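What follows is the residue order along each chain.
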There are 6 protein chains.
Amino acid sequence: MPMPVAIYPGTFDPITHGHIDVIRRAASLFDAIVVGVAGSSTKAPVFSLEERTAMARESLAGISGVRVEPFTGLLVDFAHAVGARVVVRGLRAVSDFEYEMQLASINRRLDASLETVFLTPAENYSFLASTLVREIARLGGDASPFVPPNVVAALKAKFG
Amino acid sequence: MPMPVAIYPGTFDPITHGHIDVIRRAASLFDAIVVGVAGSSTKAPVFSLEERTAMARESLAGISGVRVEPFTGLLVDFAHAVGARVVVRGLRAVSDFEYEMQLASINRRLDASLETVFLTPAENYSFLASTLVREIARLGGDASPFVPPNVVAALKAKFG
Amino acid sequence: MPMPVAIYPGTFDPITHGHIDVIRRAASLFDAIVVGVAGSSTKAPVFSLEERTAMARESLAGISGVRVEPFTGLLVDFAHAVGARVVVRGLRAVSDFEYEMQLASINRRLDASLETVFLTPAENYSFLASTLVREIARLGGDASPFVPPNVVAALKAKFG
Amino acid sequence: MPMPVAIYPGTFDPITHGHIDVIRRAASLFDAIVVGVAGSSTKAPVFSLEERTAMARESLAGISGVRVEPFTGLLVDFAHAVGARVVVRGLRAVSDFEYEMQLASINRRLDASLETVFLTPAENYSFLASTLVREIARLGGDASPFVPPNVVAALKAKFG
Amino acid sequence: MPMPVAIYPGTFDPITHGHIDVIRRAASLFDAIVVGVAGSSTKAPVFSLEERTAMARESLAGISGVRVEPFTGLLVDFAHAVGARVVVRGLRAVSDFEYEMQLASINRRLDASLETVFLTPAENYSFLASTLVREIARLGGDASPFVPPNVVAALKAKFG
Amino acid sequence: MPMPVAIYPGTFDPITHGHIDVIRRAASLFDAIVVGVAGSSTKAPVFSLEERTAMARESLAGISGVRVEPFTGLLVDFAHAVGARVVVRGLRAVSDFEYEMQLASINRRLDASLETVFLTPAENYSFLASTLVREIARLGGDASPFVPPNVVAALKAKFG
């Protein structure tokens, strides 16, 4: 049985050490990980799709078996397009958990062959959310404990 | 990269359709699944380790790539013994989630190379727990919507 | 004692099979159910109050004892206006639960005679939320597993 | 349509002001409430089935439309026996919620015509659990803010 | 050891009886409480920073050891500026809890000497949120059970 | 205003690095911390009250302002006996949170002057529970990442 390709979808607005930790763990379990950067969203991201994709690519350059692709339609269509039958998601907190269960159920209904697997980041990243990182940068705080150097620079350029 | 062996540990007192659903999903993701039936426990199981192992073996006989083994020590030691570096766990509810996060953290501390992945059963099994199945059987109810026929028979023999 | 009239309030943006399932259950418990479509809201609905009311009316036409009314003020005032002393709400997840407990407490404080009762949809609708249905439709996905045919058509007209 | 009979099942070890508050609310919604005191349980109650039934009867004597019955089998069988098609349960906390969702799903599977409705007690009873009341009484504390006078006396006789 | 100064930060849009209850409790534990009204926010408050600060000052005028200050940067910088090494937060519900844990972890990472302590309001305020108060006022309801008279007046002026 | 004395009650079966972390944080906030080791309990501790008290004393010997006392009655009575008007509790997870809210409410009802404050341990202890430590030790695992050396020795003597 060939090892499955997995996608790790998200908004990555911006990518954090918590995301990277989950991707490293996923990369040790699956032959190939496609990090899918979601384009259109009702969330109104601070960074453009191109910026978010570029930041993720730079941040993940050193991890073998991982590539980054933007996508703009349904997750299940993106999975088909890249030949994935596994979706990887990180779980940090109870509130994550319920939303993720909803998404996993919806995706299973849209495509019964798509399986969602959940991984947990290291505990010292369990509190980390892109929302909080953006808030810290917006208020002039130091985001370097939470995101890689290229993202620190991008946050400064955006909010400085 | 060879595909990882995964263990799916539990008390299985008794195995339910919910467990079997998770095992089927796991078997589609990993080359080999070792279902680990935990022997000693502070829970005082209703069925003996031998009974629980036998019921699981019968219930899973038709799923390729799956074998059932009892174990009595630490989960991390069992994982080493069978050459697994992945632990599969099912997630149904928030209360599951927190306990599972604790276990995953503890196991990661005991062996950093052991990764825990979470799968979710079909929604119609999301309410299913061995505790409730035993309670129904104990009160003379029909457990056949929840467990396979061999387990129905074992419950009747135990509680009938 | 005459059987109480109950209201089932919501935004219904749009009505889903999950809402309809809860309404069917409520209709078997109470003499009359008034489905209250909330007009003004900080949520900025995708469909207008008239559209949401019309979609709900079409979707519920076959269920006896149920009628649909828009309302624009406080829930407690709407309850008085239609002679209801029971509010019915659906509970799917923990996050629902806490928000609903808040609302029930607030409404009890505003009118101590108004009782809130909670029902749960069938498990296969437990993941269903109008937000996710809109997102699927917006991305060009098929919403027909989640909403009735008239709503599928309305979603296509809105997002197509 | 005749108004449905509802059962309110529990261990009532012992009955508290929180239970009584939920029963009063239920009695205003349904023609008849049968409070079902569960006999056999893996919980090993402190009070016998007879004691728990008697305490509940005394505590609820003044509420019209309410009667108390012990039962020892499945909840669905008890519901049939008393002609009820509604189960009432109180919801206080998230941990309640998940267990109650499990029970409601199991009971719906065992008997699709049995509907579970949830009510919430007044906020000042939201923390109240029989377990805590027993612990306070066992340690010599004053249980009178939490249970009616007849139960205070029974707790003193048991633990004094 | 001199008793620590504590800050109680929030948006206070507007201040409610729940906030005031927590502040009274905090004032009995610490020598001085600085209520910090957060200026900039992605939340887009209904009341301006000046209005929110003024309402909080009026509402808290009678509580000794409490003063109110607006702030616009990072919480950790505000804490340094006022000489506080303790952050007080109120906990009402599970959803609060997780967000608060995230914030406490982030702040601990930004400044390891800053400790967050959590207090719980009286149960009859456990459901109270500024969001719900604004919604009631916006719909023409009576907010006086939830906020002090000066805030009732301000809500009427804003939404009337 | 003299700084309040606080109690930190628990079963401490056995004391872990997570407890010690919370006690260190509490000791920086209050003049004196009395660690209260609960004697009687329905939990049937593995270690006796004397053993649990001795382990806690040894583990906390180096922290100034902290003393350890066993107690066997109600928490509110113990608080009075040692002159404390603050109870400190650690919060790790949602399941903790709800139980702790219940206890805080009950204690507030039994003694309105007793305030409960919650602290959170460092994230790397957020998964740590005495139950899991005992289980690891019982199964022959190494408990030294989780508890101090004197407790490691006591666990070996008990389970070895």
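My aim in this report is to walk through the structure given alongside it, one point at a time. Predicted, not measured: the structure shown is a model, and the values here were computed from it.

**Digging into the overall build of chain A**
The secondary structure content of chain A amounts to six helices and five strands. Mapped from its N terminus to its C terminus, chain A presents α and β elements in the order β-α-β-α-β-α-β-α-β-α-α. Taken over C-alpha atoms, the radius of gyration comes to 15 Å for chain A, in line with the 15 Å a tight globule of 160 residues would show. C-alpha extents for chain A along the principal axes are approximately 50 × 30 × 30 Å.

**Re the relation of the copies chain C and chain D**
The operation relating chain C to chain D is a screw motion whose rotation component is 180°, with 0.0 Å of axial translation and a residual RMSD of 0.0 Å. The operation mapping one copy onto its partner corresponds to a two-fold rotation axis. Residue C:Phe118, judged by its C-alpha, is the member of chain C lying nearest the rotation axis, at 2.4 Å. A shared binding surface is used by both copies, with 100% of the interface residues of chain C retained as interface residues in chain D.

**Some thoughts on the interface of chain C and chain D**
On the side of chain D, 31 residues touch chain C, which itself brings 30 residues to the contact. Here the side of chain C that touches chain D takes seven residues from helix α4 (residues 94-110) of chain C, the largest share from any one element. The residue inventory of the side of chain C that touches chain D, partitioned by class, reads 17 nonpolar, four polar and nine charged.

**Let's talk about the arrangement of the chains**
Left apart from each other, chain A and chain D have a closest C-alpha approach of 11 Å. At their nearest point, the C-alpha atoms of chain B and chain E are still 11 Å apart, with no contact between the two.

**Observations regarding the nonpolar core**
Core analysis: the largest hydrophobic core is formed by 112 residues, its most contacted members being A:Leu60, A:Val88, B:Leu60 and B:Val88. Counting 111 residues, the second largest nonpolar core, distinct from the first, contains C:Val87, E:Ala26, F:Tyr8 and F:Ile15.

**Here we look at the packing of helix α2 (residues 49-60) of chain C against helix α6 (residues 149-159) of chain C**
All names here are of chain C. It is the contact of α2 with α6, at a shortest axis distance of 9 Å, that shows an interaxial angle of 155°. With respect to their mutual orientation, α2 and α6 come out roughly antiparallel. In contact with Glu51, Met55, Glu58 and Ser59 of α2, α6 contributes Asn150, Val151, Ala154 and Lys158. Here the contact of α2 with α6 is built from residues that sort into three nonpolar, two polar and three charged.

**A word on the interface of chain F and chain D**
Counting residues at the interface gives 14 residues for chain F, matched by 16 residues for chain D. Contact between chain F and chain D buries roughly 1300 Å² in total, counting both sides, with carbon and sulfur atoms accounting for 68%. The three residues of chain F that bury the most area against chain D are F:Glu98, F:Ile106 and F:Arg109, which together make up 42% of that side's buried surface. Run the count over chain F and chain D and you get zero salt bridges.

**Regarding the relation of the copies chain F and chain D**
In this structure, two copies of a chain are linked by a rotation about an axis accompanied by a shift along it. Mapping chain F onto chain D calls for a rotation angle of 120° and an axial translation of 0.0 Å; the resulting RMSD is 0.0 Å. Taken together, the rotation angle and the small translation identify this as a three-fold axis.

**Topic: the pairing of strand β5 (residues 115-119) of chain E**
Residues and elements named next belong to chain E. Counted residue by residue, β5 has five buried out of five residues, so it is predominantly covered. Alternating positions in β5 separate into two faces, Glu115, Val117 and Leu119 on one and Thr116 and Phe118 on the other, with burial throughout. In terms of strand pairing, strand β4 (residues 86-90) meets β5 through five bridges, oriented parallel. Paired with valine 87 across the bridge in β5 is threonine 116.

**What about the packing of aromatic side chains?**
For the structure shown, the criterion picks out 18 aromatic pairs over all chains. Judged by centre distance (5.6 Å) and plane angle (55°), the rings of C:Tyr8 and C:Phe12 are tilted.

**Quick word on the environment of B:Arg92**
Within the secondary structure, B:Arg92 is located in the loop between β4 (86-90) and α4 (94-110). For the pair B:Arg92 and B:Ala129, spaced 37 residues apart in sequence, the C-alpha separation works out to 9.4 Å. For B:Arg92, the residues in contact, after removing those within four places along its chain, are A:Phe97, A:Met101, B:Pro121, B:Tyr125, B:Ser126, B:Leu128, B:Ala129 and D:Gln102. Side-chain polar atoms of B:Arg92 contact the backbone oxygen of B:Leu128, separated by 2.4 Å.

**Here we look at α6(C)**
Residue and element names in this part refer to chain C. Listed in full, the buried residues belonging to α6 are Val151, Val152, Ala154 and Leu155. Buried residues of α6 fall within an arc of 165° about the axis and therefore sit on the same side. In this structure, α6 carries Pro149, Lys156 and Ala157 as exposed residues pointing more than 90 degrees from its buried face.

**As for the side chain of C:Arg52**
Residue and element names in this part refer to chain C. Along the chain, the position of arginine 52 falls in helix α2. The buried charged residue arginine 52 lacks any salt bridge, with aspartate 13 as its nearest oppositely charged partner at 4.4 Å. Here the side chain of arginine 52 touches glycine 39 through a polar contact of 3.5 Å, landing on its backbone oxygen.

**What about the environment of D:Pro149?**
Summarising the element assignment, D:Pro149 is placed in helix α6 (residues 149-159). A C-alpha to C-alpha distance of 15 Å links D:Pro149 and D:Ile136, two positions 13 residues apart in sequence.

**Considering the side chain of F:Asn107**
All names here are of chain F. On the secondary structure map, asparagine 107 appears in helix α4 (residues 94-110). Given a relative accessible area of 9%, asparagine 107 falls into the buried group. The contact partners of asparagine 107, leaving out residues within four places of it in the chain, are Leu75, Val76 and Leu114.

**Details of unusual backbone geometry**
Most of the time, phi is negative for any residue but glycine, and the peptide bond is trans. A cis geometry characterises the amide bond from A:Asp13 onward to A:Pro14, with omega recorded as 5°. Of note in the backbone geometry, B:Phe12 takes a positive phi value of approximately 50° without being a glycine. Secondary-structure assignment places B:Phe12 in the loop between β1 (5-10) and α1 (17-27). The class of B:Phe12 is buried, set by a relative accessible area of 3%.

What counts as what
Residues numbered from 1 in each chain as written. Chains lettered and ligands numbered in written order. Predicted model: local features only at pLDDT ≥ 70, side-chain atom pairs only at ≥ 80, totals over all residues. Heavy atoms only, no water. Helix = DSSP H or I, 4+ residues; strand = E, 2+ residues; numbered from the N terminus. Rg over C-alpha atoms; globule rule 2.2 N^0.38 Å. Least-squares fit on C-alpha atoms with pLDDT ≥ 70 in both. Contact = heavy atoms within 4.5 Å. Nonpolar A, V, L, I, M, F, W, Y, C, P; charged D, E, K, R; others polar. Core = buried A, V, L, I, M, F, W, Y, C linked by side-chain atoms within 4.5 Å. Buried < 20%, exposed > 50% of the residue type's maximum accessible area, 1.4 Å probe, protein only. Axes fitted to C-alpha atoms, helices over the stretch in contact; angles between N-to-C directions. Parallel < 35°, antiparallel > 145°, perpendicular 65-115°, else oblique. Buried area = accessible area lost by both parts, 1.4 Å probe. Salt bridge = Lys/Arg side-chain N within 4 Å of Asp/Glu carboxyl O. Pairing = 2+ DSSP bridges. Phe/Tyr/Trp six-rings, centres within 6.5 Å; stacked < 30°, edge-to-face > 60°. Polar contact = N/O pair within 3.5 Å; in protein donor to acceptor, adjacent residues only side chain to side chain. Arc of directions from axis to C-beta. Lys, Arg positive; Asp, Glu negative; His and termini not counted.

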